[in-house]
Amino acid sequence: MVPQKKENKGSLPASFTTGAIALVFLIIGFEAALFVHKAAVTRLVANRDQPDTVYVYVEPEAAEERAVPAEQNSRPMSTSPKEARTVRKNASHSPEAVSVREKAAPRPVETFRFNPNTVSVEDLQRLGFSEKQALSIDNYRQKGGRFRRPSDFARSYVVADSVFARLEPFIDIPRIDINRADSTTLLTLPGIGPFFAGKMVQYRTQLGGYSTVEQLLEIWHFDEEKLSGMRDLITCSEAPAFTLWTLPEPELARHPHLSRSEAHGIVLFRQHHRPDECTLDGLHAAGILSDEHYRRLSLCRIAPAPAQ
């Protein structure tokens, strides 16, 4: 009898070994495929702004002019002027390729002084905003929104902190001139509604023009808190000087800081004093002006008395 070979209990079955080897090769092949794919994608991304091949849609009426001759192409295209088709351009310097690169290239960012309340959509894009962001800012303005301060512009959700940090030194929002602004413009100031806007214009007319922004405090219920909230937003251009020493008595009496008796006293005072003696201090010392009217007139720009 032929003796049977005893099985080695410590060895692995042949089928298991074969399967393990096949699995190893499978993993290696998979990793190689991933590597090749990643390399191809990286090359595609790196060269996406300089395409080697551009496909251009040709309008029917231009098809005949751009047809590729049959002897130069193994797949000739129809030369019928009525048929639209796509032409393949392999030259990276072709007009079509240049056009694609120009559109894909990032727009250069510029920096210049601008008013966010009036800057155009095109100029916003020059400043670095996308077309969508620029249209969003313009839409806010079209709906009545206004940037009173640079910080208001910073709070816009389309203005990133880094962009605002770059543009802040160039933001130019003109202050509102309280001697020239109409009531509609004054309404854009914080805390100013139709009532106070109307009163500011009315009081300006009575004064003949504001000489200082502090004169707003003379308006009924216009307090220091309201002025503090807008002090950095307003300015006061030079108003015409109040001709205290030449106006007739009836016109003097119409000034908000003079009573009829004070107007009459001023006329008498200037008739009996030299021009260099005609001063507010002189009127106050003579008892012609009350303390309150003296204080308020001191804020006004008053023309000097003319020489006789």
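All values reported here derive from a predicted model rather than from experimental measurement.

**Q** I tried to follow helix H8 (residues 194–207) on my own but got confused; where do I start?
**A** It helps to recall that an α-helix has 3.6 residues per turn; residues three or four apart then point in one direction. Compared with an ideal rise of 1.5 Å per residue, which puts 14 residues at 20 Å, H8 spans 20 Å between its outermost C-alpha atoms and is within 8% of the ideal. Here H8 has its buried residues at Phe196, Ala197, Met200, Tyr203, Arg204 and Leu207. Burial along H8 is one-sided: seen end-on, the buried residues are contained in an arc of 135 degrees. Across H8 from its buried face, at more than 90 degrees, point the exposed residues Pro194 and Thr205. Buried residues along H8 sit against helix H7 (183–186), helix H9 (224–228) and helix H13 (291–297). Positive phi appears at glycine 208, one or two residues downstream of H8, with a value of about 85 degrees.

**Q** Quick question: what am I supposed to make of the nonpolar core here?
**A** Looking at soluble globular proteins, one finds that nonpolar side chains tend to be buried together. Counting residues in each nonpolar core, the largest one holds 20 residues, and the members touching the most others are Leu189, Ile192, Met200, Tyr210, Leu216, Phe222 and Ile234. No other element matches the 5 residues that H8 contributes to this core.

**Q** Can you help me understand the confidence of the model for the chain in this one?
**A** Any residue range with low pLDDT should be treated as having predicted coordinates unsuitable for detailed reading. Summing up the model confidence of the chain, the mean pLDDT is 82 and the portion of residues at 70 or higher is 74%. For the stretch residues 1–5, pLDDT sits under 50, and the model shows 0 contacts to residues farther than four places along the chain or on other chains. For the stretch residues 62–82, pLDDT sits under 50, and the model shows 26 contacts to residues farther than four places along the chain or on other chains.

**Q** Sorry, what's going on with helix H11 (residues 260–271) here?
**A** The end-to-end C-alpha distance of H11, which contains 12 residues, comes to 17 Å, matching closely the 16 Å that a straight helix rising 1.5 Å per residue would cover. Those residues of H11 not exposed but buried are Glu262, Ala263, Gly265, Ile266, Val267, Phe269 and Arg270. Those residues of H11 that are buried are in contact with helix H10 (249–253), helix H12 (280–285) and H13.

**Q** Mind showing me how you'd approach the layout of surface pockets here?
**A** Rolled over the atoms, a probe sized like a water molecule indicates the empty space that remains. Reported here for the second largest pocket is a volume of approximately 250 Å³. Lining the second largest pocket we find 16 residues, and of these Gln206, Leu207, Gly208, Phe242 and His255 sit closest to its centre. Along the lines of polarity and charge, the residues of the lining of the second largest pocket split into 6 nonpolar, 7 polar and 3 charged.

**Q** How should I be thinking about the environment of leucine 227 in this particular structure?
**A** By the element assignment, leucine 227 lies in helix H9. Judged by relative accessible area, leucine 227 falls into the buried class, the value being 0%. On a C-alpha basis, the gap between leucine 227 and leucine 216 in space is 7.6 Å, while along the polypeptide they are 11 residues apart. Leaving out residues up to four positions away in the same chain, leucine 227 has contacts with Val213, Glu214, Leu216, Leu217, Phe222 and Ile234.

**Q** Is there a simple way to explain the packing of aromatic side chains in this structure?
**A** For any pair of aromatic rings, the description consists of the separation of the ring centres together with the inter-plane angle of the planes. Under the counting rule described, the total for this entry stands at 8 aromatic pairs. Consider the rings of phenylalanine 114 and phenylalanine 153, whose centres lie 5.9 Å apart with planes at 65 degrees: the pair is edge-to-face. With a gap of 39 residues between them, phenylalanine 114 in the loop between helix H2 (95–104) and helix H3 (121–126) and phenylalanine 153 in helix H5 (residues 150–154) connect regions that are remote in the sequence. Residue phenylalanine 114 is classed as buried on the basis of its relative accessible area, which comes to 4%. Residue classification places phenylalanine 153 among the buried residues on the basis of a relative accessible area of 0%.

Here is what the cut-offs are and how they apply
- Residues numbered from 1 in each chain as written.
- Predicted model: local features only at pLDDT ≥ 70, side-chain atom pairs only at ≥ 80, totals over all residues.
- Heavy atoms only, no water.
- Helix = DSSP H or I, 4+ residues; strand = E, 2+ residues; numbered from the N terminus.
- Expected span 1.5 Å × (residues − 1).
- Buried < 20%, exposed > 50% of the residue type's maximum accessible area, 1.4 Å probe, protein only.
- Arc of directions from axis to C-beta.
- Contact = heavy atoms within 4.5 Å.
- Core = buried A, V, L, I, M, F, W, Y, C linked by side-chain atoms within 4.5 Å.
- pLDDT = per-residue confidence, 0-100.
- 1 Å grid on protein atoms, 1.4 Å probe; cavity = no way out; pocket = protein on both sides within 12 Å on 5 of 7 lines; lining within 4 Å.
- Points joined across faces, edges and corners; volume = space filled by probe spheres on them.
- Nonpolar A, V, L, I, M, F, W, Y, C, P; charged D, E, K, R; others polar.
- Phe/Tyr/Trp six-rings, centres within 6.5 Å; stacked < 30°, edge-to-face > 60°.

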